[in-house]
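Next come the chains, spelled out residue by residue.
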Protein chains: 2
Amino acid sequence: MEQYTVNQLAKLASVSVRTLHHYDQIGLLKPGERKRSGYRYYGESELYRLQQILFYRELDFPLEEIRLLLDDPRFNRETALLFHREKLQQRQRRLQVLLHTLDETLHQLKKEEKMSNYDMLYKGFRKEKVQALESEVAEKYGAATLDETKTRLNSLDKATVLALQKEGDEINLALSKLMHLQADDPRVQEWVKKHHQYTTSFYPADLTVYRAWAQLYVEDERFKATYDKVKPGLAAFLSKAMLVYCLRV
Amino acid sequence: MEQYTVNQLAKLASVSVRTLHHYDQIGLLKPGERKRSGYRYYGESELYRLQQILFYRELDFPLEEIRLLLDDPRFNRETALLFHREKLQQRQRRLQVLLHTLDETLHQLKKEEKMSNYDMLYKGFRKEKVQALESEVAEKYGAATLDETKTRLNSLDKATVLALQKEGDEINLALSKLMHLQADDPRVQEWVKKHHQYTTSFYPADLTVYRAWAQLYVEDERFKATYDKVKPGLAAFLSKAMLVYCLRV
DNA sequence: TAAAACTATCACGTAAGGTGAGAGTCAAGC
DNA sequence: GCTTGACTCTCACCTTACGTGATAGTTTTA
């Protein structure tokens, strides 16, 4: 049975020693054993408990509440993990909204346009609670305006989505026409850059992820098919060009 | 020029009135105007400033530092937004790792297996600072292990993307098998909810956007083709079910 | 066996607001 | 014009989750 000192555990879990002291003090995480010297030693079950604590903390639960939850005899680790999973995914979606808000703001900034609706500036900041949302809008503006607003937004939203799709098509098309060039040709790389930016608006791909992706374009049938449908050989070509791009930047 | 009272701005930006008072007090966000009554009124430029503040706050910047940044004459809104973008994506990736850690833990829990390496319990908890990461790892374990780590991460990224794709496939498949039911059947709606969450992880579709999307599934050939390829008629079925979903929630 | 490296317990400090209390202000309806 | 309910103001003390020493004992390493 392995034993960890404060320092060792702190490093392992990326928390400070003070944090462990604190958790001991408030009875949230007590060491499995205390030598007569007073030193704290943590064992396996403490490691699991700490993981749980950190998951809850990540979700902004107050420590006192975490303690109550973990000490409740009805506590079940698997249920808790599934709960965390749900909430973390929720947070991911919130971040996605936030990124979208950011891109919209950037877009308006470039066009030097005035906002029609300042509301847009703040979408995604509210910490996840989500419940009564639609009803609030209805209350605010009345049902009639709601419908009108809805249909107007409707066509705008459709246009946005279609535009996004079109942008993707354009990038693919442009690249397919450059397949006679070398992968490291500036004209190719320019479009790869666009491709990279385009993909990051959907998926958080930094260069390492993007690089992993490049491999998928040739390894995975689904990816390969999608691109080769535009023009046979595009998948392999793009994959190579992406790798070059990653190395260059 | 529109003017917002504390309450109005607080609601708009999902912060508390107290927070606005506090920001005024520390000189982070001063109202554009103060009536003789002492009431605070905020104008357009304050709205933008608040957005910036919230982005920085989301990234755990201390308020004092935010103030210094925003008041620096070299401050540029576009540069700042691009910085936020980078960091938010970094956080998304951290959450991704955290979810992976969670799934691994769940997996081990079910198999009732012992962990070979407790280190795994805590991947993704460390808040992003990241700069000197590679160098740190290299220092610690030597260059050889670094490469290994890289390829492992690589495969994790690939696995994540493939898992995402698989999730999409599963949802489509499940729905295609429920086409004999009514669109408002709970079993159908359950999967529509998953579909909605799934799409949101790529593109933040609130209910109005999702509704617009529903129409695209029948109006736009590209969308239609994608779904009808799974099973003819799925596009229309899903479209209807999505509309029901939007009205129900 | 001494130095270097940890660890322990106070104890006070801090950031970002929460939570009233007491008093002035504004908009609407009568 | 007056009342009433909903806002708003300032002060001031409270809270959470640790950070940051100070001082003193313990373990490990040379």
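What counts and what doesn't
Residues numbered from 1 in each chain as written. Chains lettered and ligands numbered in written order. Predicted model: local features only at pLDDT ≥ 70, side-chain atom pairs only at ≥ 80, totals over all residues. Heavy atoms only, no water. Near = heavy atom within 4 Å. Polar contact = N/O pair within 3.5 Å; in protein donor to acceptor, adjacent residues only side chain to side chain. Helix = DSSP H or I, 4+ residues; strand = E, 2+ residues; numbered from the N terminus. Nonpolar A, V, L, I, M, F, W, Y, C, P; charged D, E, K, R; others polar. Expected span 1.5 Å × (residues − 1). Buried < 20%, exposed > 50% of the residue type's maximum accessible area, 1.4 Å probe, protein only. Salt bridge = Lys/Arg side-chain N within 4 Å of Asp/Glu carboxyl O.

### Focus: the protein's contact with DNA strand C
Taken together, 19 residues surround DNA strand C, and among them H21(A), R40(A), S16(B), R18(B) and Y23(B) come closest. Looking at DNA strand C alone, sugar and phosphate atoms form 76% of those within 4 Å of the protein. Note that a phosphate oxygen of DNA strand C is positioned 2.7 Å from one of the side-chain N or O atoms of S16(B). Here a base nitrogen of DNA strand C sits 2.8 Å away from a polar atom, N or O, in the side chain of Y39(B). Where the surface near DNA strand C is concerned, the elements lending two or more residues are α1 (6-13) and α2 (17-25) of chain A together with α2 (17-25) of chain B. In terms of residue count, α2(B) provides more of the surface near DNA strand C than any other element does, four residues in total. Looking at side-chain class alone, the surface near DNA strand C contains six nonpolar, eight polar and five charged residues.

### Some remarks on helix α10 (residues 234-248) of chain B
Helix length check: α10(B), at 15 residues, gives a terminal C-alpha distance of 21 Å against a target of 21 Å (1.5 Å per residue), a fit within 8%. Among the residues of α10(B), L234(B), A235(B), F237(B), L238(B), S239(B), A241(B), M242(B), V244(B), Y245(B) and C246(B) are the ones counted as buried.

### Notes on the protein's contact with DNA strand D
Taken together, 19 residues lie around DNA strand D, and S16(A), R18(A), Y23(A), H21(B) and R40(B) are the ones closest in. Separating a base nitrogen of DNA strand D from a side-chain N or O atom of Y39(A) is a distance of 2.8 Å. Within the side chain of Y39(B), a nitrogen or oxygen atom sits 3.0 Å from a base oxygen of DNA strand D. In terms of residues, the surface near DNA strand D owes the most to one element, α2(A), which gives four residues. Tallied by class, the residues present in the surface near DNA strand D amount to six nonpolar, eight polar and five charged.

### Focus on the pattern of salt bridges
Residues and elements named next belong to chain A. Under the criterion given, the structure shown has 27 salt bridges over all chains. Here D71 and R49 are joined by a salt bridge, their closest N and O atoms 3.0 Å apart. Placement of D71 in helix α4 (residues 63-71) and of R49 in helix α3 (residues 44-58) is noted, with a sequence separation of 22 residues between them. In this structure D71 comes out as partly exposed when scored by relative accessible area, which is 41%. Overall, the relative accessible area of 22% leaves R49 in the partly exposed class. Between D60 and R91 there is a salt bridge, with the nearest N and O atoms lying 3.3 Å from each other. With D60 in the loop between α3 and α4 and R91 in helix α5 (residues 77-111), the pair connects residues that are 31 residues apart, well separated along the chain.

None of the figures reported here should be taken as evidence of function without further support.
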